[in-house]
Amino acid sequence: DTGVSQNPRHKITKRGQNVTFRCDPISEHNRLYWYRQTLGQGPEFLTYFQNEAQLEKSRLLSDRFSAERPKGSFSTLEIQRTEQGDSAMYLCASSLVSSGTFGSGTRLTVV
Amino acid sequence: AQSVTQPDIHITVSEGASLELRCNYSYGATPYLFWYVQSPGQGLQLLLKYFSGDTLVQGIKGFEAEFKRSQSSFNLRKPSVHWSDAAEYFCAVVPGGSNYKLTFGKGTLLTVNP
């Protein structure tokens, strides 16, 4: 068990560019979650997958955001046409049911 | 909608002193309850969780929490704080048994003075 892995750890991008983050969950976990954490706030739920099916999306997830989990393994979160307000820590977690493990996150800075 | 309140934004204690971080939740039924710790620039580490049973829960790093249904509270405690405990602490809830879709409080930043 190597834990939940997120890449990259840090990403600096110019406003208007597209970015993609990757999350590799714990292998036996069938559920995968994405959260966003802005400065001084607790993490907020974005979306979650059970296997390859995306079961729920938050209203925070605008149409510029898309998440995938092909084959029910790793997941990607893409942000198109980034805005300064997208600057945040993006956290991934995986679980079996009601308890899981978080990755170290990807820190996005939009300049 | 469920919510989590951490009334203290920032707490400062001296090393060796006791600590209590407050957490109140608003939810129709008893949710699953969690405490996480986050060091600067890092992800979240689970300290402890409560699902059911004994209302006093022991966690890692010498932390414990007590669930009080009548007060809708799940306060985190530690008898003697170490300098390495300085971090941000988050309380979180999830509807019982459904999944790991957590609702977090805004966090309490703990500063430890030598």
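### Observations regarding the overall build of chain A
- Counting secondary structure elements, chain A contains zero helices and 11 strands.
- Its helices and strands in sequence order give chain A the pattern β-β-β-β-β-β-β-β-β-β-β, from N to C terminus.
- Computed over its C-alpha atoms, the radius of gyration of chain A comes to 13 Å, within 12% of the 13 Å expected for a compact globule of 111 residues.
- Across its three principal directions, the C-alpha atoms of chain A cover 40 × 25 × 25 Å.
- Buried residues in chain A amount to 48% of all 111 residues.
- The long-range fraction of contacts in chain A, counting pairs at least 24 apart against all pairs at least 6 apart in sequence, stands at 52%.

### Quick word on the environment of L77(A)
Residue and element names in this part refer to chain A.
- Mapped onto the fold, L77 is located in strand β8 (residues 75–79).
- For L77, a relative accessible area of 0% corresponds to the buried category.
- On a C-alpha basis, the gap between L77 and T47 in space is 9.8 Å, while along the polypeptide they are 30 residues apart.
- Residues contacting L77, with those up to four places away along its chain left out, are V19, T20, F21, W34, L46, F65, S66, A67 and Y90.

### Considerations on the sheet that holds strand β3 (residues 19–24) of chain A
All names here are of chain A.
- The four strands are arranged β1-β3-β8-β7 in an open sheet whose pairing can be described as antiparallel. Looking at the sheet topology across the chains shown, the edges are occupied by β1 (5–7) and β7 (65–68). Mean inter-strand twist for the sheet, computed between neighbouring axes without regard to direction, equals 15°.
- Inspection of the sheet shows β7 paired to β8 by four bridges, in the antiparallel sense. Paired with F65 across the two strands is I79, which belongs to β8.

### Re the pairing of strand β5 (residues 44–50) of chain A
Residues and elements named next belong to chain A.
- For β5, the buried fraction is high: five of the seven residues fall into the buried class.
- The sheet contact formed by strand β4 (residues 31–37) and β5 spans six bridges and is antiparallel. The partner of Y35 across the bridge, within β5, is F45.
- Between β4 and β5, which pair antiparallel and follow one another directly, the connecting turn spans six residues, one of which, G40, has a positive phi of 80°.
- Pairing between β5 and strand β6 (residues 53–57): four bridges, direction antiparallel. Residue pairing across strands places T47 opposite K57, the latter belonging to β6.
- Remark: two residues form the turn of the hairpin made by β5 and β6, two consecutive strands paired antiparallel; N51 in that turn has positive phi of roughly 55°.

### Describing the interface of chain A and chain B
- Facing the 24 residues of chain A at the interface are 21 residues of chain B.
- One can count one salt bridge joining chain A with chain B.
- Residue E56(A) pairs with K101(B) through a salt bridge whose shortest N-O separation is 2.4 Å.
- On the surface where chain A and chain B come into contact, there are five residue pairs in polar contact (both at pLDDT 80 or more).
- Looking at the side of chain A that touches chain B, the elements that each hand over two or more residues are β4, β5, β9 (88–95) and β10 (100–102) of chain A.

### Some words on the pattern of salt bridges
- Counting across every chain of the model gives eight salt bridges over all chains.
- For the salt bridge of R77(B) with E66(B), the shortest nitrogen-to-oxygen distance reads 3.1 Å. Separated by 11 residues along the polypeptide, R77(B) in strand β9 (residues 73–78) and E66(B) in strand β8 (residues 64–68) bring together distant segments of the chain.
- In this structure R77(B) comes out as partly exposed when scored by relative accessible area, which is 23%.
- Overlapping salt bridges, with partners in common, bring together R64(A), E83(A) and D86(A) in one network.

### Brief notes about the nonpolar core
Residue and element names in this part refer to chain B.
- If you look at the biggest cluster of nonpolar residues, it comprises 26 residues, and the most contacted ones within it are L19, W35, L47, L48, F74, L76 and Y89.
- At the level of elements, β2 (10–14), β3 (19–21), β5 (32–38), β6 (45–50), β8, β9, β10 (87–94) and β12 (108–113) are the ones that each hand at least two residues to this core.
- Broken down by element, this core gets its largest block of residues, four residues, from β10.
- Beyond its immediate sequence surroundings of up to four residues, Y89 is in contact with Q6, L21, W35, Y36, V37, L47, F63, L76, G107, T108 and L110.

About the cut-offs
- Residues numbered from 1 in each chain as written.
- Chains lettered and ligands numbered in written order.
- Predicted model: local features only at pLDDT ≥ 70, side-chain atom pairs only at ≥ 80, totals over all residues.
- Heavy atoms only, no water.
- Helix = DSSP H or I, 4+ residues; strand = E, 2+ residues; numbered from the N terminus.
- Rg over C-alpha atoms; globule rule 2.2 N^0.38 Å.
- Buried < 20%, exposed > 50% of the residue type's maximum accessible area, 1.4 Å probe, protein only.
- Contact = heavy atoms within 4.5 Å.
- Pairing = 2+ DSSP bridges.
- Axes fitted to C-alpha atoms, helices over the stretch in contact; angles between N-to-C directions.
- Salt bridge = Lys/Arg side-chain N within 4 Å of Asp/Glu carboxyl O.
- Polar contact = N/O pair within 3.5 Å; in protein donor to acceptor, adjacent residues only side chain to side chain.
- Core = buried A, V, L, I, M, F, W, Y, C linked by side-chain atoms within 4.5 Å.

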